[in-house]
Structures are given as C-alpha cells and as structure tokens.
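Structural features, examined
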Amino acid sequence: MKYRITHSTLYHYSQPVGLCQNEARLQPRNFWRQHCHTSYFDITPEPIDFQERLDYFGNRVTYFAVQKPHTKLNVTAISEVTIFPKQNVLELFNQIAWESVRNILQGLPLQGLSQSQSQQSQVLWQNQDYAQELFDAKQFLLDSPMVKVTPELAEYARISFQPNRPLVDVVHDLMARIYNDFTYDPTFTTIATPLSDVLNFRRGVCQDFAHLAIGCLRAYGIAARYISGYVETLPEPGKQRLTGADASHAWFSVYIPNSGWLDFDPTNNTIPLDQHITLAWGRDFSDVTPLKGIAFGGGQHVLSVSVDVLRIE
Amino acid sequence: MRNNKSSADDIGAQYYATQLGIYDEMYAKENKALPYWERFMAALNSMGSEKLELRRREAQRLLRENGVTYNVYGDSQNLTRPWRLDPVPLLISSEEWLVIEAGLKQRADLLDLILKDIYGKQNLLKKGLLPAELVFGHEGFLHPCVGALQNQKRHLTIYSANLARGPNGLMWVLDDRTQAPSGSGYALENRTVMARVLPDIYRETQVHRLSGFFKSLHKGLVDIAPNNKEDPRIVIMTPGPLNETYFEHAYLAAYLGYTLVQGGDLTVRDGRVWLKSLAGLQAVDVILRRVDDSFCDPLEFRSESKLGVAGLLEVVRRGNVAIANPFGSSVLENPALLAFLPRLARHYLNEDLKLPSIATWWCGQRREREFVLQNIDSLVIKPINRSIGNQGVFGGALSVKEKDDLRSQILAKPHLFIGQERVSFSTLPAFIDHQIEPRNAVLRNFLVASGDDYEVMPGGLTRVARQKDNFVVSNQAGGISKDTWVLAPEPDKPVSLWTQPKRNQLIDAVTEPLTSRAADNLFWVGRHLERTEAVTRLLRTVLVKYRVANESKDSIDTECLRVLLRTFTQVTGTYPGFITCEEELLNSPVPELLSLVKDVYRRGSLTANIQAFFQAAFSIRDLWSQDTWRSVDNIQRRWQQRVIGNEINTDQLPNHLDDLITGIVAFTGLTSESMTREAAWLMMDSGRRLERALALIALMRSTLALRHEDVLQNQVLEAVLVSTDSLTIYQRRYRSYIQLPLVLELLLLDETHPRSVAYQLHELSIHIAALPRVKVNSQLSEEERLILKAYTDLRLCNVFELTQTGEEEGIYADFEKLLYDTTALLWKLSESIANAYFSHSQTSQLIAHKSTEDEL
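In this convention, every chain numbers its residues from 1, walking through the sequence in written order. Labels follow written order: the first chain is A, the first ligand is 1, and so on. Only residues with pLDDT of at least 70 get local features here, since the model is predicted, and only at 80 or more are side-chain atom pairs given and counted; chain-wide, interface and lining totals rely on the full set of residues.

Next up on the list: the overall build of chain A. Numbering of helices and strands runs from the N terminus; a helix is a DSSP stretch of H or I covering at least four residues, while a strand is a stretch of E covering at least two. Counting secondary structure elements, chain A contains 8 helices and 13 strands. Dimensions of chain A along its principal axes, counting C-alpha atoms only, are 70 × 45 × 40 Å. Residues are called buried when their C-beta atom has 20 or more other C-beta atoms within 10 Å, exposed when it has 12 or fewer, and partly exposed otherwise; all C-beta atoms are positioned from the backbone. Residue burial in chain A is summarised as follows: out of 313 residues, 44% are buried. We call two residues in contact if the C-beta atoms placed from their backbones are at most 7 Å apart. For chain A, contacts bridging at least 24 residues in sequence account for 75% of all contacts bridging at least 6.

Secondary structure assignment for chain B yields 29 helices and 22 strands. Taken over the C-alpha trace, chain B has a radius of gyration of 32 Å; the compact-globule value for 856 residues is 29 Å, and the two agree within 12%. Its C-alpha atoms give chain B principal-axis dimensions of about 100 × 75 × 70 Å. Relative to its 856 residues, chain B shows a buried fraction of 47%. Here the contacts in chain B between residues at least 6 apart in sequence split such that 71% fall between residues at least 24 apart. Only C-alpha atoms enter the radius of gyration; for comparison, a globular chain is expected to reach 2.2 Å times N to the power 0.38, where N is the number of residues.

Here we come to the interface of chain A and chain B. Across the boundary between the two partners, chain A contributes 39 residues, which contact 34 residues of chain B. Ranked by residues supplied to the side of chain A that touches chain B, first place goes to strand E12 (residues 291–297) of chain A with 7 residues. Looking at side-chain class alone, the side of chain A that touches chain B contains 21 nonpolar, 14 polar and 4 charged residues. Pairing of E12 of chain A with strand E22 (residues 844–847) of chain B involves 4 bridges; the strand directions are antiparallel. Pairing of glycine 293 of chain A across the sheet is with isoleucine 847 of chain B, part of E22 of chain B. Each residue gets one of three labels, nonpolar for Ala, Val, Leu, Ile, Met, Phe, Trp, Tyr, Cys and Pro, charged for Asp, Glu, Lys and Arg, and polar for the others, Gly among them. Note: two strands are recorded as paired if DSSP finds a minimum of 2 bridges between them.

Our next topic: the packing of helix H5 (residues 167–181) of chain A against helix H7 (residues 206–219) of chain A. Residues and elements named next belong to chain A. With their axes 11 Å apart at the nearest point, H5 and H7 run at an angle of 140 degrees to one another. Viewed along their axes, H5 and H7 adopt a mutual orientation that is oblique. The two elements H5 and H7 meet at a crossing, and its hand is right-handed. On H7, the residues that touch Leu174, Met175 and Ile178 of H5 are Phe209, Leu212, Ala213 and Cys216. Of the residues that constitute the contact of H5 with H7, the class distribution is 7 nonpolar, no polar and no charged. All axes here are fitted lines through C-alpha atoms, helices being fitted over the stretch that makes contact, and every angle between N-to-C directions spans 0 to 180 degrees. Our angle categories are set so that under 35 degrees counts as roughly parallel, over 145 as roughly antiparallel, 65 to 115 as roughly perpendicular, and the remainder as oblique. Handedness of a crossing follows from how the near helix is turned relative to the far one, being left-handed for an anticlockwise turn of less than a right angle and right-handed for a clockwise one.

So, about the confidence of the model for chain B. All names here are of chain B. Mean pLDDT over chain B: 89, with 91% of residues reaching 70 or higher. No element of chain B has a lower mean pLDDT than helix H1 (residues 13–17), which averages 68, and none a higher one than strand E11 (residues 286–289), which averages 98. Here pLDDT means the predictor's own confidence in every residue, given as a number from 0 to 100. Note on residues 1–8: pLDDT under 50 across the span, and 7 contacts to partners over four residues away in sequence or across chains. Taken together, the stretch residues 850–856 has pLDDT below 50 and engages in 24 contacts with residues farther than four places along the chain or on a different chain. Confidence estimates for the predicted assembly give a pTM of 0.87 and an ipTM of 0.92.

Residue and element names in this part refer to chain B. Here 4 strands make up an open sheet; going across it, the order is E13-E16-E14-E15 and the pairing antiparallel. Each of the sheet's edge strands pairs with one partner strand only, and the pair in question is strand E13 (360–362) and strand E15 (393–394). When strand E14 (residues 379–383) meets strand E16 (residues 417–421), the two strands line up antiparallel, connected through 5 bridges. Directly across from leucine 379, in E16, lies its bridge partner glutamate 421. Along the sheet, helix H13 (residues 366–374) makes contact with E13, E14 and E16, crossing E13 at roughly 120 degrees.

Once that is clear, we can look at the domain arrangement of chain B. Note that the domain bounds were set by an automatic or database domain assignment. The domain boundaries assigned to chain B delineate domain 1 (88–336 + 425–486), domain 2 (359–421) and domain 3 (516–772 + 779–841). Spacing between the C-alpha centres of domain 2 of chain B and domain 3 of chain B amounts to 62 Å.

Residues and elements named next belong to chain A. Taken as a whole, chain A is organised into domain 1 (2–85 + 290–311) and domain 2 (98–272). Spacing between the C-alpha centres of domain 1 and domain 2 amounts to 27 Å. Facing 8 residues of domain 1, the contacting portion of domain 2 comprises 8 residues. Broken down by secondary-structure element, the contributors of at least two residues to the side of domain 1 that touches domain 2 are strand E1 (2–27) and strand E13 (301–311). In terms of residues, the side of domain 1 that touches domain 2 owes the most to one element, E13, which gives 5 residues. Looking at side-chain class alone, the side of domain 1 that touches domain 2 contains 5 nonpolar, 1 polar and 2 charged residues.

All names here are of chain B. With antiparallel pairing, the 3 strands of this open sheet are ordered in space as E8-E9-E10. Among the strands making up the open sheet, the edge pair consists of strand E8 (266–269) and strand E10 (280–283). Neighbour-to-neighbour, the strand axes of the sheet open up by a mean angle of 45 degrees, direction not taken into account.

With that settled, consider the nonpolar core. Buried Ala, Val, Leu, Ile, Met, Phe, Trp, Tyr and Cys residues whose C-beta atoms connect them within 7 Å together make up a nonpolar core. Judged by nonpolar contacts, the single largest core of 212 residues is most densely connected at Leu167 and Ala213 of chain A. With 9 residues, the single largest contributor to this core is H7 of chain A. Excluding residues within four positions of it along the chain, alanine 213 of chain A makes contact with Leu174, Met175, Ile178, Ala224, Phe252 and Pro266 of chain A. Leu538, Met684, Ala719 and Tyr791 of chain B belong to the second-largest nonpolar core, a separate cluster that totals 89 residues.

In this section: the pairing of strand E20 (residues 461–464) of chain B. Residue and element names in this part refer to chain B. The two faces of E20 match: Leu461 and Arg463 on one face and Thr462 and Val464 on the other face are all buried. Pairing between strand E18 (residues 435–450) and E20: 4 bridges, direction antiparallel. Among the inter-strand pairings, arginine 444 is bridged to a residue of E20, identified as leucine 461. The pairing of E20 with strand E21 (residues 480–486) spans 3 bridges and is antiparallel. In the strand pairing of E21, valine 464 is matched with isoleucine 480.

Helical geometry: 3.6 residues make up each α-helical turn, so side chains three or four residues apart lie on a common side. Expected span of a helix: the number of residues minus one, times 1.5 Å. Its 13 residues place the ends of helix H14 (residues 400–412) of chain B 18 Å apart at the C-alpha level, agreeing with the 18 Å of an ideal helix rising 1.5 Å per residue. When you tally the buried positions in H14 of chain B, you get 1 out of 13 residues, a small fraction of the element.

Now for unusual backbone geometry. Of note, the amide linkage connecting threonine 44 of chain A to proline 45 of chain A takes the cis form, showing an omega dihedral of -5 degrees. Tracing the backbone through its elements, the reader meets proline 45 of chain A in the loop between strand E2 (34–44) and strand E3 (49–54). Following alanine 324 of chain B, the chain continues to asparagine 325 of chain B via a peptide bond in cis, the omega torsion being -10 degrees. Tracing the backbone shows asparagine 325 of chain B in the loop between strand E12 (322–324) and helix H12 (341–349). If you check the backbone angles, aspartate 433 of chain B has positive phi at about 50 degrees while not being a glycine. Along the chain, aspartate 433 of chain B turns up in the loop between strand E17 (427–432) and E18.

To continue, consider the environment of glutamine 21 of chain A. Assignment of secondary structure puts glutamine 21 of chain A in strand E1. Classification of glutamine 21 of chain A by C-beta neighbours within 10 Å gives buried; the count is 29. Put simply, glutamine 21 of chain A and phenylalanine 64 of chain A are 43 residues apart on the chain and 6.0 Å apart in space, counted from C-alpha to C-alpha. In this structure, glutamine 21 of chain A is in contact with Ala65, Gly293 and Ile294 of chain A together with Val268, Leu299, Ala310 and Gly311 of chain B, ignoring residues within four places of it in sequence.

This is the structure:
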C-alpha cells in the first residue's frame, strides 16, 4: 500500500516573531513494515538554518530556524510511504507468558520453558543482535516524562495480567478493555492532562490511550513504546473524500523477545496493518512531538493543522 | 561582650582535647596534637580568644562589604544570607595532600571515561558493567545529548568532590559534583580574607596558593574552544541573582574577566551562539555554565525553562560552542554510581580506587535490595535523583509507618533508591562562641582538566555544621565555611593571572561587551538612585515645613505645607495620597508620610526605591569595583538597620535622610570617578539624567505651574529651591529677590546648573549620540530625534512669556503645556532606549500543539 501524506501546520501570530527555532519529527522513519520513498519540507518563510539528523531513537528529526520577522509560519511536510502488510511472525515466542518476558527483560533466568526452549534462548542470549535488541527494549521499561507507573495503573491492568497468560493475549485483552472502558472525547484532555485524570474520568484521545496502555504494561515489567503517525480514514459510503480532514494519530508497541515490536491501536481496537503510517517512536509523546518551537515575540498565536493521507497505489 | 571564661589558654590545644569524641583532625588517633596543628594552635593561643573574636568579626565585615552572600531559595525577604567564615582553617599536611590529590585525579579520569561512554557508544551498558536502569532511570541522563560530545581531550572539564574523613582516619568521597560545581570562588574569597585577618600566621605557615588553579581553569576553558582558539570569548552563564550562589558567578566573572550572562543575553542564529551586546551580536566560543543542564535549552530539554537558550544543544552538536561541563554530565551525580566505581576503575584503569567512596548499595540489584531492606535501620536511604527536600533519610529515625511506606516505595521502583552507610565524619577545631570546639567537617575539592591531565586546587572549601555532632553540613542548612590550608614543603611562588605579551606585541584594548541585560540594569540603577534622591530631598523639605507650620500656626505656612504634601504624592506617584483626601489627612500627615518612607510593598515609597536600586545593582554585581559595591551595600544596609528595623518618628527622620543623601553622593562620586566613559557609564548616567529631568518636571508641575498668591508663592518658590539644592546658588545670583521667572531661568533653562532641566537634556543628547548603534544612512535614530525635539523646545522658550497669564486662570497654561509635552517626550525616549538596547527582555514562548483536539 502506498500513501502520500501532506501534513501542514500554520501559525498565526498577533505580533511579529523575530526569531524562532523549531524541531520537527514529521518525516516517516524506515523499518521492516514501512519504506519512505520521498519526504520533503515546504516552509514559509524559508528557514535560514535547516538541518536533518537521526535522534536517539533513530527517528528523523529536523532542526530549522526562521531568523527574519514574520507573523505567519507555514510548515508542510510531504512524504510518500509504502506499507508492507505483514505482522511479526510469532513462531517460537508468540505464546511466551508475560512473566517470562518480564524476566528476560530483567536479565533473570527463564521459568516455565521446556529444556529445549531454554537452550534456544541461551543461544539467543549470545547473539549480538539479540543483545542489542534487548538493550534497546530496556529504554522503554522505565518511567518517562509523561508516563509514570502508579498503583492505580497497575490495578487497572491487573485483570489482563492473568498468571502464565501469553503476553500477546494480555495486550490484546488490555487493548480491548481500554477501547470498551474509555470514551473518545477530544474536549476532555489537553497535552497537559495527567494520566491519572484520564484513568479517573475514563476519557481521552488517542495519545492518552496509548500512554495509558504503555503505563499498564510497564507496571508489569513489559517494555512498551509510543508511536506517532497517521491512519488512513476512509469516507463513509456514498460520501466524497475530504482533503485535509485526516489527522495525526498515536498508538503503542510492545516488545516480544525474538519477535520484535508488535503494534496495537487501542483507539480503534486493531492491530495496525496497512493503514497505519509510522512517523516516529519514543518513550512517550514528549520524545516524538511532531512539531515544536520556541518563538521570540509573537504575542498570541493561533495554530491550525491539516493532514491529508492519500492512498496512491 | 566579654566572655567570662576568657583567659590566655581557653582556645588552646589542651582545652580542645577535653571536648573530643571520635577522630579529630588535630589529634588524629594520637594523644598528642599533630605537630603542624600544634604550631598553628600555639599561634592562636598566644592571640587569645578576645583578639581572635575581633579577627573573626573583621573577616565577617570584609566578607559582607565584598558582597559575599549565599542566597536561600524561597526566602524573598531575606534574600541574601551573609557568608560565614570560621577563622580556624583546615590544615592538611603535604604528605597527606599527595594521597588526596592522586585519588581525586584518578576519580576525575574515571568519571570522564564513564561520561564519554554514556554519551557515546554505551559499551558499559551493553556489556552490563553498568546496569541500564541505573543510567536510564536517572534524570541526569539526557538522551538528546547522546552523540553530541565534541572532540575534546577531556569532557569533564570541571569536577568537584565532597570528602570527609571517617572514624578510621581515611578520607572518603561522599559525593561527586559534575555538572556545574560551585564553591571555588568562595574558597578563593575565603583565602583572600584569611590572608588579611590572620596575616602573621598565614605568612608563617607555608600554604599552597590558589591562584594557580584559576590560571589552569582559564587555560582549560581556552583549550576546549572550538573556534578562535587564540582568544576565545568565554562567558559565565548564570540563572540570575536569585540563584543561591549568584555571588560566586559574579565574582568569578569579574576575577577571570568573562562576561556574566543569563540565558536571555544569548541567542542562537546561523548555527552559532551570540551574545546580545549593546554593540550588536558577538560570537561566543565557550560557556562556563552554572545553570542545570536540563534548563539550558527549552527546545530540546525542559520547554518551560526561561533560563536557557533555544537551539543551544544544536550549536553544540555542530561543534560551534563548547560547554563546561557538557550537557548531560549530571548523570555522573547519580549516587548509585558509587557502588560501581571500584569495578569500573579496574575495567578502565586496571587500578583500585585510591579514595574509597562511602559504602553504597543500589536497590536495582536483588541482593543489594534485600540487604538494604533488612538493614534499613542502620542505613541512610536516598533517591538516586536529587530533589528538593529529599536529601535522604536515616532509616533508624523513621516511625514504623514511615519505614513501611519507604519499603513499599523501594519495592515499587527499586532502581530509584540506594542505601548508604551512615558515616560519622572526623571533627575539626572551630571557633564558636569565643571557644574552640570540635565540629564535623566536609571538604569540597576542585579539579579542572588541563591538557591531558587534571589539576587539583591545592585547598578547597571546608564546611562545618553549626551544631555539635551534626553531620548535615550544607550552606542551605546554615553551615559555616573554613579556609583549607594545604601545607607546602617550601613557599609557593605567587602566580599571576596576567599573561605576559611577547616583546613589542601590540595588544588591542577590548572592553568585554556590555550585555543588553547589564545595560538595562545600569539604566535602572541610575533611574532608581535618582528617584531615591529626588524623593529624599523633597521629603526633607516637607518635614521642615511641617515643623514650621506646627510651630508658627501661620495659615500661609499651613497652606504651603499642603502644596508640598500634594507635590509629594505627585512626585512619588502614590495616588490618591494627599491629592483627594479628607481634611483629617492633611492635618495629620505623619502616618501617610511614614508609610511612604518605610513601606517596602508600596510602589513609590522610599524603601521600595532603595530596594529596587539595590536589586538592579546586585544583578550586575560583576561590574562594580569593590569600593563602589561597598557604597551600594552601605546605602541599603544602613537604611535597613536604622529606618526599617526601628520605630522612627519625624524628628529623627531628617538625620536618616541626610545620611541617605550622603550615601547616594558617595555612590555617584565613586562611579563618576572610576567608570570609564563607555557604554556602561552612558547607560547609567542616561538613566539618572532622564529620571532627574522627570522628577524636576513633576515637582514644577505641582508647585510652580500653579498660580499662588504672592506670599504663598514666595514660600513655594523657596521650598522648590531648597528641595533642588539650588537655594544658595539662587541667592548668590539674584540676591533676595525671589521671582518665578528667575527661578525658572535657573531650574529650567540654565545649562550650567547640574540641577536644571536644560542640563539633563543637554547631557542626554550627548550620551545618546555616543551610544553604539547600527547607523542607517545619515538618519537620526528615534532616540536622537526625541531628545533633539525635547531639548530644542525647551531652549526656544522664554521664561517671561511662559509666566504670562490671564488674571482669572489658576495655572500658567503655556508653562504647564511645555512641562507636559517634555514629560511625554521623555517617556517615549525611555521606551525607545529600551527597544533599541534591551533586546534581552523580549520574551520567548513555546509554540506547539496546545491540545490534542485535532488528533484522533
């Protein structure tokens, strides 16, 4: 499946901004499920200073500075991406119990595995790539700026974490529960709404649901990360597709030893396949904010965003 | 105050010996004092406790006058706390120093390697030599900094460690300071003061000098400059005057000749960092930062920080600025690291640690966690992340419930906690309440990377607790500092910070650029000072008239007093005051007047003005000479002691006001005799001239612009002349004829009279023309235009025409209009100067999605 994504952000300021520095994570990264063919920015006024690099998590990040006075700033990123519709092949470990995953991540001996499985895992331990993969996963085990594990989160998740239950089942169950228990309500939360409020009032948006699931998983020693991206929305039957009416989206991913990272979308209660386009991942939203900047001057600002996800093949 | 016990040997070694508990610095484990201590104590003893107390007070006076303070956060009323210095130093023998020095160097080497790995390849983590949770769970680990270290021989440029001696006589490292270590400036100031108050003893004891360390510090900072290696621009970045060690930031800036900057003074453009100076943008090569790393760049770290510079980390990445210490170096302040240092020392250096750390168990490991939980009663439990109010708790001091809570906290997130051995530090003689008593001591050492090696300051900052048997030794907790004397086998040669130019080398005189923030503060120092003076002079006049009116009961005196009271309200801008008030207030004005003197929270009050002057001056502490600062301190302190701290009445007040005027004159005299006529002077004097003109005009508008009957008019004219210190000159010029046009001639138009409006505008025109600016063609700048108009309008007027008026009118309309227009122009001028020169004041804002409304 091939898509063209156009993501525009327009800032209007009540007073001129003399200087602004910005950081954008608006270019889709490449990984086994996705290939980004082209991706470029169209920024007005044109930034004097523009620099691309990869961040700590391997995401594409762009630094740019606009150094002349302006009252409007338009940042548009246009990308073409192919999605390969396959999920992880969960041959050996897809039935691995969540306790075993927790122990592996803690570096403890595995329990409840047959002799041969255990030997196989020993072999894996010595594998360089696997060691690197495990090490990377550990970054996503601990509290992060926007997701702090609390007893309340652990309590909410407890029902899903039945003893010896395969981790994949646990996450499926957790995702479905969040989907059923929580109301999608864009008027309820802002970026600053703490997770405890989301949990108490059972309301939120995609970002909150992703954070919630991540917190629940980390409470039980499971590595989980936050994915920022887009989802293709199809018009209702008989209606015309509206350009720019799409939006950015967020979901989460869980680490399963030897299989890698498996994505889950709690807002839609689905496993992302070929309609989810990944921009970047990190410990939580704060690591992958699509666009942020520091502006000098400007007075009040109004911001409008339009996203268009167009299937081209 | 005489101490009863005062006798010749009450501070000697023998008396002291009876007070001892555990290991003491003077006695070690012997029954006899160590020889170098014995010599020192004999010298003290021959001085006697009374004389020593005098020396101690002398030291406190010097420190106070030099403005050595330690601020306590959250204590806005008592913002600056005087720095306390005990006259008994810590003595360290040259043999022992070699051991300490080698241990500290080894530790700095090791920490530097760990830092390089954590922000580089992370091999320690991948190989399991350092647990990942230990690093990732620490707030000092800033992932945007991974890969941002530049090509330097050493990354940890500055390092500091707190040492204490355990009961076994060995020195232990308590903790490491790696991101922005403080204290070296205090150590230097302590030494300067000690050399002055105990000159004989200091001279006779061969003590290593400290200045060499600062020379190395400078060299170390020059070494890491990525550009302009010949003569890099180095700045010290401070969070500002509210920071607890602000004195030291200003002190080091002045001592090393660097510009002291706040985040707002810097800007990132074209991938470089620039200093916003009065003369335009100046490239910065090295930043010695005293701002915590996560506050340094709102774009990549904490977005709410107002202390940093947006885009700074990106400049670091591109190798265009060096930061000492690099961002993220606070990851080394994680106390859990102490448990792993011995292993890492063997891994990297193939050595054992020369200085042991205090025994530490990290709860992220199962066996260690179990040990800590089992021995919670005898351990100090600390979170690995330093947070305000949680410095660690002693398990044994907790209630059963508190202990259970702590246990469950540890079990929930074990990697965030450590257990540490509770150490009783050695004691050290301290002069407390006229006696020498043992106090627990902590020594802070300082190192700087110098080429391939580290150099250790031969000395340091020793601190003792105020109370006996108290192991919490910190400045926040009100500790006392000590000088640290490292004994030299032979006398040290003095090291000068000055470098000798090569023969015949011409050196450009380059004054460090004045930051726009400093310019702003200078401007306001001038304005607040002048306002204080104007209010003081007017108040004196009011008080005289009040006394006269009370004595004479003459209706003209009473009427004149009322004019002056209303004027006082208008000049201070403290409406409604005496303008629209009950008859009662005009009849007994004293409470309102005293409020306008004392009330610090009342805008326009004398105390509020003095406070504002002091704050502005303190914000640019690094720019004042010692003498000038002493005069600033005098103004504020005397006012505080005599007026604020006392019940005062209107009889005593004139004396205090005279004293205040003397203080102000001392400051203006010192500044005009010692400041070069460069940007700093121009800014401060422009502030003064502008304010003096405004105050004069305000005074005239509510006195001279109003028509009074002749008898009253004479009194008002005289009061105005007195209040502007112009009566004598008027009398000499015009003898006893007192007339409005002549008074105006003197106060409005006489360019030779430093208290006339014309004089202020003339000076302002000259200053404004001399300020640096970017010239656009031959056009006048906005400031030049405004002052030219104000000055020309004034010169074109005629005092006799101004005072013509119809019989019926209550005011001199033309005169009032002139005053009104001039005021408006001067206000515009003030704004225009701010726009043109104080660019740091522009506020920044985070622009990002405020809500997720537009997301799925």
